[in-house]
Amino acid sequence: MSSATKVFPDAASALKGVIRDGLTLMSGGFGLCGIPENLILALRDSGAKNLTVVSNNAGTDNFGLGLLLKTRQIKKMISSYVGENQEFERQYLSGELQLEFNPQGTLAERIRAGGAGIFGFYTRTGAGTLVAEGKETRVVNGETFVLETGLVADVSLVKAWKGDTEGNLIYRKTARNFNPMMASASPMTIAEVEELVEPGTLDPDQIHTPGIFVKRIFRGVNYVKPIENRTVRKRAAA
Amino acid sequence: MPWSRNELAMRAAKELRDGFYVNLGIGIPTLVANYIAPGMKVVLQSENGMLGMGPFPFEGEEDPDLVNAGKQTITQLPTSSYFSSSDSFGMIRGGHINLSVLGAMEVSEGGDLANWMVPGKMVKGMGGAMDLVAGVKKVVIVMEHTSKDGAHKFKPRCELPLTGANVVDLLITDLAVFSRPDRQAPFQLLEMAPVVTLEELRSKTSAHFKA
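Residue indices begin from 1 for each chain and proceed along its sequence in written order. Throughout, the order in which chains and ligands are written sets their labels, letters from A for the former and numbers from 1 for the latter. It should be noted that, the model being predicted, local features are given only for residues of pLDDT at least 70 and side-chain atom pairs only at 80 or more, the latter also being counted only at that level, while totals for whole chains, interfaces and linings use all residues. Hydrogen atoms and water are omitted, and side-chain values are computed over all heavy atoms in the structure.

Caption draft 1: Quick peek at the overall build of chain B. Only runs of H or I of at least four residues qualify as helices and only runs of E of at least two qualify as strands under DSSP, and these elements are numbered from the N terminus. If you tally the helices and strands in chain B, you get five helices and 14 strands. The globule rule used for comparison is 2.2 Å times the number of residues to the exponent 0.38, while the radius of gyration itself is calculated over C-alpha atoms. For 211 residues, the compact-globule estimate of 2.2 N^0.38 gives 17 Å, and the C-alpha radius of gyration of chain B, at 17 Å, lies within 12% of that figure. Across its three principal directions, the C-alpha atoms of chain B cover 50 × 40 × 30 Å. Across chain B, contacts joining residues at least 24 apart in sequence account for 60% of those joining residues at least 6 apart. Charged residues are defined here as Lys and Arg on the positive side and Asp and Glu on the negative side; His and the ends of the chain fall outside this count. Charge positions come from single atoms, namely NZ of Lys, CZ of Arg, CG of Asp or CD of Glu. Averaging the positions of the 20 positive and the 23 negative side-chain charges in chain B gives two centres separated by 6 Å. Contacts are assigned to residue pairs that have any heavy atoms within 4.5 Å of one another.

Caption draft 2: Highlighting the packing of aromatic side chains. We call Phe, Tyr and Trp rings a pair once their centres come within 6.5 Å, taking the six-membered ring for Trp, and we label the pair stacked below 30 degrees between planes, edge-to-face above 60, and tilted otherwise. Summed over the entire model, instances satisfying the criterion amount to four aromatic pairs over all chains. Centroid distance F154(B) to F187(B): 5.7 Å. Interplanar angle 90 degrees. Geometry classified as edge-to-face. Residue F154(B) is found in strand β11 (residues 154-155), and its partner F187(B) is found in the loop between β13 (176-179) and β14 (188-192); the two are separated by 33 residues along the sequence. You'll find F154(B) and F187(B) in the same group, each marked buried. Aromatic side chains F178(B) and F209(B) sit 5.0 Å apart centroid to centroid with 65 degrees between the ring planes, which places their arrangement in the edge-to-face category. Here F209(B) lies in the segment after α5 (198-203) and F178(B) lies in strand β13, a separation of 31 residues in the sequence. By the burial criterion, F178(B) is buried, and F209(B) matches it. Among the aromatic residues, ring-to-ring pairing joins F154(B), F178(B), F187(B) and F209(B) into one connected group. Only Lys NZ and Arg CZ are tested; either one counts as a charge over a ring when it is within 6 Å of the ring centre and within 35 degrees of the ring normal. Against the face of Y223(A) rests K159(A), its NZ or CZ located 5.0 Å from the ring centre. For each residue, the accessible area found with a 1.4 Å probe, counting protein chains only, is set against the maximum for its type, and the residue is called buried under 20%, exposed over 50%, and partly exposed in between.

See below:
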């Protein structure tokens, strides 16, 4: 194995030397779909505190980032929707937790811009609302646009379906969501994958996240993938 | 007699046109998918990263990697595609989605929408609603005409924090339908639910509208 290998045996070793109190982290996923389950557990076990976490949602009371809220490891969240987590609502309303709401598309674009080296962008989203308060605005052709800035983090935790030892990633279905942008928006992106393969196994034409963005990678284990709202339809009677 | 939830969804579905790309919000808006006219091709977008949302899966075929924006299990169609959240909101913000149906807590006579926050009480977040109303060509709102305690919801100004300013094109309530041809025009009463009178409607509406 070359000394430049990106491959680690598990989540705990992949976080080693990276995690400390007060970090800003990005964590991929939409609801509980496509979240880095292994890394969140290892982060909880690391005991790191005063974390700022950028994630579209905050998990549920008993899964995902909700686990880190329970242990009070998170100081601040930057999210678009946290309605599935009562502990979150309680901590926020009591002033224990700081919260910055971003419209979902603005959040996605801020992360994309951060990763692409773009300082900021003007968007129609949020003009005339609380979101625009204190932000620079510009009126173009009678329409108001709000300046939103690019977002970067110290560490990004992402989850992919397949990855190779070079860090190339492929996501599956709607588990892609915020993961690709987050992978690009920090100097230390750690990816957990369900299948870790040798280079040449994945079709280069199908790679969603090129390996340049991924610094560490490991094969995750014991995926739970809880379903938040199980909805089904009946089969027509035979 | 006020319209039922399903009747509201049915009314909203009349706004769909062949070939439309559509984003449906959570709640009554989701039901609109049940009333797409036979033979009409409508592609449903889910802002978490999918075009061509299929129906709920058969029991036992749920896939945790395949959910809609309400975190419900769904299925893919032969026409489906998946993409990242930034591509998804590029479609939304960039004006590529023809129509969106959303719920509301308040709508103002100038077309302002409030549907994401009750200060000091409800802290859930706006999700994708602000992006949708800022970027989608036609915004259809479905809501109950008044709150449970009778408070007006279609009023001169919204009191709750806004989701978007001057963004509503069509308002469907359980009592009536109001539309405006463009975002400079006032709302015009279009239809009323059975047995509802203009007098009753006015008594439950503080917003100005053309009758």
